[in-house]
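These are the residues of each chain, in order.
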Amino acid sequence: KKIYDQMNGSFYKIIGINNKYGIGVFCKIIMNNKDILVLMTNYHLIDEDYIENNSGIRIKINNELIHIKFGDKRLNYTNKEYDLSIIEIKENKKIKINYSK
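Summary of the structure given here. Please read all numbers here as calculations on a predicted model, not as lab measurements.

Parameters at a glance
Throughout this document, residue positions are counted from 1 along each chain, in the order its sequence is written. Reporting of local features is limited, given that this is a predicted model, to residues whose pLDDT is at least 70; pairs of side-chain atoms are given and counted only at 80 or more, and all residues count toward the totals for whole chains, interfaces and linings. The side-chain figures draw on all heavy atoms in the structure; neither hydrogens nor water molecules are used. DSSP calls a pair of strands paired once it identifies at least 2 bridges connecting them. Helix numbers and strand numbers start at the N terminus; a helix is a DSSP run of H or I with at least 4 residues, a strand a run of E with at least 2. Helix axes are fitted to C-alpha atoms over the stretch in contact, other axes to C-alpha atoms as well, and angles between N-to-C directions run from 0 to 180 degrees.

1. Describing the sheet that holds strand E4 (residues 56–61)
Here's step 1: If you walk across this open sheet you meet the 7 strands as E5-E4-E1-E2-E3-E7-E6, and the pairing is antiparallel. Only two strands of the sheet have a single neighbouring strand rather than two, namely strand E5 (64–69) and strand E6 (76–79). Pairwise comparison of adjacent strand axes, ignoring direction, gives a mean angle of 35° for this sheet.
Here's step 2: Direction of pairing for strand E2 (residues 21–31) relative to strand E3 (residues 34–41): antiparallel, over a ladder of 7 bridges. From the neighbouring strand, Val-25 faces E3, where its bridge partner is Met-40.

Laid out in structure tokens, this is it:
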């Protein structure tokens, strides 16, 4: 039940390139003993150009459209071959997002 609850609250519908919908998961990763909030999604939804030219992403939570900002340093990793993008995001205390660890 605990794993189900974590999965159920961590996957979100995101809007990416050309307003296409996809799924993203918000996670906390540890780097240099510090938690970093990231979004993991598909490269075909969020690629290098999107990251470079946008300040954040739009997600749907309970049918409400919300804007999530990328991190200031914007640590990111993209891999077209594996269709994977990992992007640092800013924490927003007003928006309730569950982050998997």
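2. What to know about unusual backbone geometry
Here's step 1: Of note in this structure, Asn-19 is not a glycine but carries a positive phi near 60°.
Here's step 2: Even without a glycine there, the phi angle at Asp-83 is positive, about 55°.
Here's step 3: Inspection of the secondary structure assignment puts Asp-83 in the loop between E6 and strand E7 (84–88).

By themselves these figures say nothing about function.
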